[in-house]
Amino acid sequence: MLETFFSTFISSTIRFLFLLAPFFVVTMFLALTRGLPAAEKASIIRRACISAFVLGLVLFFAGPLLFSAVGITLNSFRIGAGTLLFLTAISLVTSGTRNHATGLPEEDRDDIAVVPLAIPVMIGPATIGAILVYGAELKTVPEVTGGLLGLVSGLLILAVLLRLSGYLERALGKTGLNILSKISGLILSAMAAEIVLTGIAGFIATT
């Protein structure tokens, strides 16, 4: 049981961290909060991560109910969500940005914690689909617990990176952050391929 929990926890932490595209989020956070005082930046980080966690928690448990209500199988959704995630990964690799979140720094900045920072910068359409799939795949209590703690850990790591965003920008520069975004996109593309191939294999096995 403990072995299942720890293996699920570690794998889920890594999965969720890359699904969140941390270095892209750092780049967007820097652009959206340029010139704001440190206390306000800390408040934005806290509210954005809490919002992302609440949405992630809902999505984590909503998968089976959604699939049953719509009348689609998990394997079919794996193929669709994996394809969408792959398109996001391509966008990260080619330009260092998510394809659904370009041009956001020019939007109204009255309250950026929830929109656009939590949604869609942290959790966009592709991430929503992937979380629905991962939540539906975990069946036992140790797996579900490990998955949820993995989501929390991924968001905590992202929060730390956001708190250190100023240092990261000075140390790596915009080019360095862009390169790291592209590398994370490459890893994300492999995760997307795994989701799609698992869906195809499961679909073939049931026909």
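What counts as what
- Residues numbered from 1 in each chain as written.
- Predicted model: local features only at pLDDT ≥ 70, side-chain atom pairs only at ≥ 80, totals over all residues.
- Heavy atoms only, no water.
- UniProt positions renumbered as here; feature names shortened; annotations may be inferred.
- Helix = DSSP H or I, 4+ residues; strand = E, 2+ residues; numbered from the N terminus.
- Rg over C-alpha atoms; globule rule 2.2 N^0.38 Å.
- Buried < 20%, exposed > 50% of the residue type's maximum accessible area, 1.4 Å probe, protein only.
- Contact = heavy atoms within 4.5 Å.
- Areas by Shrake-Rupley, 256 points an atom, 1.4 Å probe, with all protein chains shown as cover.
- Lys, Arg positive; Asp, Glu negative; His and termini not counted.
- Charge placed at Lys NZ, Arg CZ, Asp CG, Glu CD.
- Core = buried A, V, L, I, M, F, W, Y, C linked by side-chain atoms within 4.5 Å.
- Axes fitted to C-alpha atoms, helices over the stretch in contact; angles between N-to-C directions.
- Parallel < 35°, antiparallel > 145°, perpendicular 65-115°, else oblique.
- Left-handed = near helix turned anticlockwise from the far one by under 90°.

- Labelled according to an unreviewed UniProt entry, the chain appears under the name UPF0056 membrane protein, originating from Marinobacter albus.
- One UniProt comment on the chain, placed under Sequence similarities (unreviewed entry), says "Belongs to the UPF0056 (MarC) family."
- Quoted straight from UniProt, the Subcellular location (unreviewed entry) entry for the chain says "Cell membrane".

**Digging into the overall build of the chain**
Right, on to step 1. Each helix and strand counted, the chain has eight helices and zero strands in total.
Right, on to step 2. When the helices and strands of the chain are listed from N to C terminus, the series reads α-α-α-α-α-α-α-α.
Right, on to step 3. Against the 2.2 N^0.38 benchmark of 17 Å for 207 residues, the chain shows a C-alpha radius of gyration of 17 Å, consistent with a compact globule.
Right, on to step 4. Its C-alpha atoms give the chain principal-axis dimensions of roughly 55 × 35 × 30 Å.
Right, on to step 5. In the chain, which comprises 207 residues, the share counted as buried stands at 47%.
Right, on to step 6. Counted over contacts in the chain with a minimum sequence separation of 6, partners at least 24 positions apart contribute 88%.
Right, on to step 7. For the chain, the exposed surface amounts to about 10,000 Å²; the carbon and sulfur share of it is 71%.
Right, on to step 8. The chain carries 13 positive and 11 negative side-chain charges, and their two centres are separated by 5 Å.

**Some thoughts on the nonpolar core**
Right, on to step 1. Core analysis: the largest hydrophobic core is formed by 54 residues, its most contacted members being Leu19, Leu85, Leu117, Met122 and Leu162.
Right, on to step 2. Of all the secondary-structure elements, those providing two or more residues to this core are helix H1 (2–19), helix H2 (22–32), helix H3 (38–70), helix H4 (74–95), helix H5 (113–122), helix H6 (125–137), helix H7 (141–163) and helix H8 (165–205).
Right, on to step 3. Not counting residues within four places of it along the chain, the set of residues in contact with Leu85 comprises Leu19, Ala126, Ala130, Leu188, Ala192 and Ile195.

**Comments concerning the UniProt feature "transmembrane region" (unreviewed entry) in the chain**
Right, on to step 1. Here the UniProt feature "transmembrane region" (unreviewed entry) sits at residues 12–32, 44–70, 76–93, 114–134, 146–164 and 185–205.
Right, on to step 2. The span residues 114–134 shows a helical share of 90% and a strand share of 0%, and its end C-alpha atoms are spaced 23 Å apart.
Right, on to step 3. In the segment residues 146–164, helix accounts for 95% and strand for 0%; the C-alpha atoms at its two ends are 27 Å apart.

**Examining the packing of H2 against H7**
Right, on to step 1. Following both chains from N to C, one finds H2 and H7 inclined at 40 degrees, their axes separated by 10 Å at the closest point. For the element pair H2 / H7, the angle class is oblique. The two elements H2 and H7 meet at a crossing, and its hand is right-handed. On the side of H2, the interface is formed by Pro22, Val25, Val26 and Phe29, while H7 contributes Leu158, Leu161 and Leu162.

**Brief notes about the side chain of Thr8**
Right, on to step 1. Within the secondary structure, Thr8 is located in helix H1.
Right, on to step 2. Look at Thr8 and you get buried, because its relative accessible area is 8%.
Right, on to step 3. Dropping the residues within four chain positions of it, Thr8 is found in contact with Leu138, Glu143, Gly146 and Gly147.

**Regarding the environment of Leu85**
Right, on to step 1. With respect to the helices, strands and loops of the structure, Leu85 is situated in helix H4.
Right, on to step 2. Judged by its relative accessible area of 0%, Leu85 is buried.

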